[in-house]
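Listed here are the chains, written in short residue letters.
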Amino acid sequence: KEYTLYSEKHAAACALLDNYKRTNQGLLALLVDALLTKGCDLSELLMLPMERISKYVSQLSEVLKYVDVGSPEHASLSSALGRVKEMEQAVHVRVEGWQNRQKIVEIQNMLDLRLAAPHRKYLYEGMLQVEMRDDRGHTLAIPRKRMCFLMNDMLILKGASAYSAKFATRTLPLLSAFLVDSDMGG
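Note that the coordinates shown come from a computational prediction; the quantities given were computed from them, not determined experimentally.

**Some remarks on the overall build of the chain**
Point 1. The helix and strand tally for the chain stands at four helices and four strands.
Point 2. Tracing the chain from N to C terminus, the helices and strands come up as α-α-α-α-β-β-β-β.
Point 3. Of all 186 residues assigned to the chain, the portion counted as buried reaches 24%.
Point 4. Nonlocal contacts in the chain, meaning residues at least 24 apart in sequence, comprise 41% of its contacts between residues at least 6 apart.
Point 5. Counting every atom, the chain has about 13,600 Å² of accessible surface; 58% of that belongs to carbon and sulfur.

This is how it looks when you write it as structure tokens:
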């Protein structure tokens, strides 16, 4: 439970450290001095407990190779390995969730939209060529490139540059979306 709790708090601790580095010159000087004299970076030290879990998995797996399968020690080590693997997976899920929330907040701030929701997952971003067609399939306008942000429940389209404010941003709930296959040569 401690590792799961640590992984939940880790992201906030790193964000807080980054904020202090930007705003507190005295702390920044101290951290740079520690890095130069001792080769020690606080950000890296904050990662050690989570990295340690992966090492426990590999070390326990290696020890199990040298313990007799029928022995009580093998059963205990196998049980411990199972629990450590579960812990590693829980930490991974928490970190992934935090990274997902951070990405959604970043997009939300960039586009000035309210996107954060407990169920929402960021999936992909990239350029998309958008073509408007009528009911009979006739092209209505020249295809335009749009920056797209795909979430599990919506597609957000923005002008060619995600950072440009001169194009309107449109959101399309995926429940009302459909895909028209085109000859893309593949």
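**Points about the pattern of salt bridges**
Two side chains with opposite charge may pair up if their charged atoms get near one another.
Point 1. Counted under the stated rule, the structure contains four salt bridges.
Point 2. A salt bridge links Lys65 to Glu62; its shortest N-O distance comes to 3.1 Å.
Point 3. The class for Glu62 is partly exposed, based on a relative accessible area of 34%.
Point 4. Between Glu106 and Lys103 there is a salt bridge; the shortest N-O distance is 3.4 Å. Pair noted here: Glu106 and Lys103 are both in helix H4 (residues 72–111), with a separation of three residues, about one helical turn.
Point 5. Within this structure, Lys103, Glu106 and Glu125 form a network of salt bridges that share partners.

**Description of the confidence of the model for the chain**
Point 1. Residues of the chain with pLDDT of at least 70 account for 84%, and the chain-wide mean is 78.
Point 2. The spread of mean pLDDT over the elements of the chain runs between strand S4 (residues 170–173), the lowest at 60, and H4, the highest at 87.
Point 3. The low-confidence segment residues 180–186 (pLDDT under 50) makes zero contacts with residues lying over four places distant or belonging to another chain.

**Some details on the packing of helix H3 (residues 42–64) against H4**
Point 1. At a closest axis distance of 9 Å, the pairing of H3 and H4 adopts a crossing angle of 155 degrees. Between H3 and H4, the crossing angle belongs to the class labelled roughly antiparallel. Considering the relative orientation of H3 and H4, their crossing is left-handed. Mapping the contact onto sequence places Met50, Ile53, Ser54, Tyr56, Val57, Leu60, Ser61, Val63 and Leu64 in H3 and His74, Leu77, Ser78, Ala80, Leu81, Val84, Lys85, Met87, Glu88, Val91 and Val95 in H4.
Point 2. When the residues that make up the contact of H3 with H4 are grouped by side-chain class, the tally is 14 nonpolar, four polar and two charged.

Reading the values: the criteria
- Residues numbered from 1 in each chain as written.
- Predicted model: local features only at pLDDT ≥ 70, side-chain atom pairs only at ≥ 80, totals over all residues.
- Heavy atoms only, no water.
- Helix = DSSP H or I, 4+ residues; strand = E, 2+ residues; numbered from the N terminus.
- Buried < 20%, exposed > 50% of the residue type's maximum accessible area, 1.4 Å probe, protein only.
- Contact = heavy atoms within 4.5 Å.
- Areas by Shrake-Rupley, 256 points an atom, 1.4 Å probe, with all protein chains shown as cover.
- Salt bridge = Lys/Arg side-chain N within 4 Å of Asp/Glu carboxyl O.
- pLDDT = per-residue confidence, 0-100.
- Axes fitted to C-alpha atoms, helices over the stretch in contact; angles between N-to-C directions.
- Parallel < 35°, antiparallel > 145°, perpendicular 65-115°, else oblique.
- Left-handed = near helix turned anticlockwise from the far one by under 90°.
- Nonpolar A, V, L, I, M, F, W, Y, C, P; charged D, E, K, R; others polar.

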